[in-house]
Amino acid sequence: MEKIVGIKFKNTSKVYYFAPANEKDVYEVGSGVIVETAKGQEYGTVVFGIKEVPDEEVVRPLKSIVRKTSKKDDALIKE
């Protein structure tokens, strides 16, 4: 089983799986995170917190969450 967090990006309906930065972190639905993607670091919104899924449901390599967003990050996104 693999631990993942569901993330959506602006203007998309697809949910992407990312590895939690720290399994002790709590990722609240609707909160912002910075994640590592093929395009570099991007802002995403948490759709569901940490959960375990079967390994065969995970597309490898599984990218990770870099960090939760700060108030400054959230202000920049709102602009």
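Figured I'd write up the structure that's included with this text.

Criteria and thresholds
Residues numbered from 1 in each chain as written. Predicted model: local features only at pLDDT ≥ 70, side-chain atom pairs only at ≥ 80, totals over all residues. Heavy atoms only, no water. Pairing = 2+ DSSP bridges. Helix = DSSP H or I, 4+ residues; strand = E, 2+ residues; numbered from the N terminus. Axes fitted to C-alpha atoms, helices over the stretch in contact; angles between N-to-C directions. Core = buried A, V, L, I, M, F, W, Y, C linked by side-chain atoms within 4.5 Å. Buried < 20%, exposed > 50% of the residue type's maximum accessible area, 1.4 Å probe, protein only. Contact = heavy atoms within 4.5 Å.

## Things to note about the sheet that holds strand β2 (residues 16–18)
Line of reasoning, step 1. As summarised here, the arrangement of the five strands in space is β2-β1-β4-β3-β5, forming an open sheet in which the pairing is antiparallel. If you trace the sheet from one side to the other, it starts and ends with β2 and β5 (65–68), each paired once. Geometrically, the sheet is characterised by an average inter-axis angle of 45 degrees between neighbouring strands, direction not taken into account.
Line of reasoning, step 2. Judged from the three bridges that link them, strand β1 (residues 2–8) and β2 form a sheet pairing that is antiparallel. Within β2, the position partnered with Gly6 by the bridge is Tyr17.

## Brief notes about the nonpolar core
Line of reasoning, step 1. Val5, Ile7, Phe9, Phe18, Tyr27, Val33, Val35, Val46 and Ile65 form the largest nonpolar core, which has nine residues in total.
Line of reasoning, step 2. At the level of secondary structure, the elements contributing two or more residues to this core comprise β1 and β3 (32–37).
Line of reasoning, step 3. Phe9 has contacts with Tyr16, Phe18, Val35, Thr37, Glu42, Tyr43 and Gly44, leaving out every residue within four places of it along the chain.
Line of reasoning, step 4. Ranked by size, the runner-up nonpolar core spans six residues in total, among them Ile4, Ala19, Val53 and Leu62.

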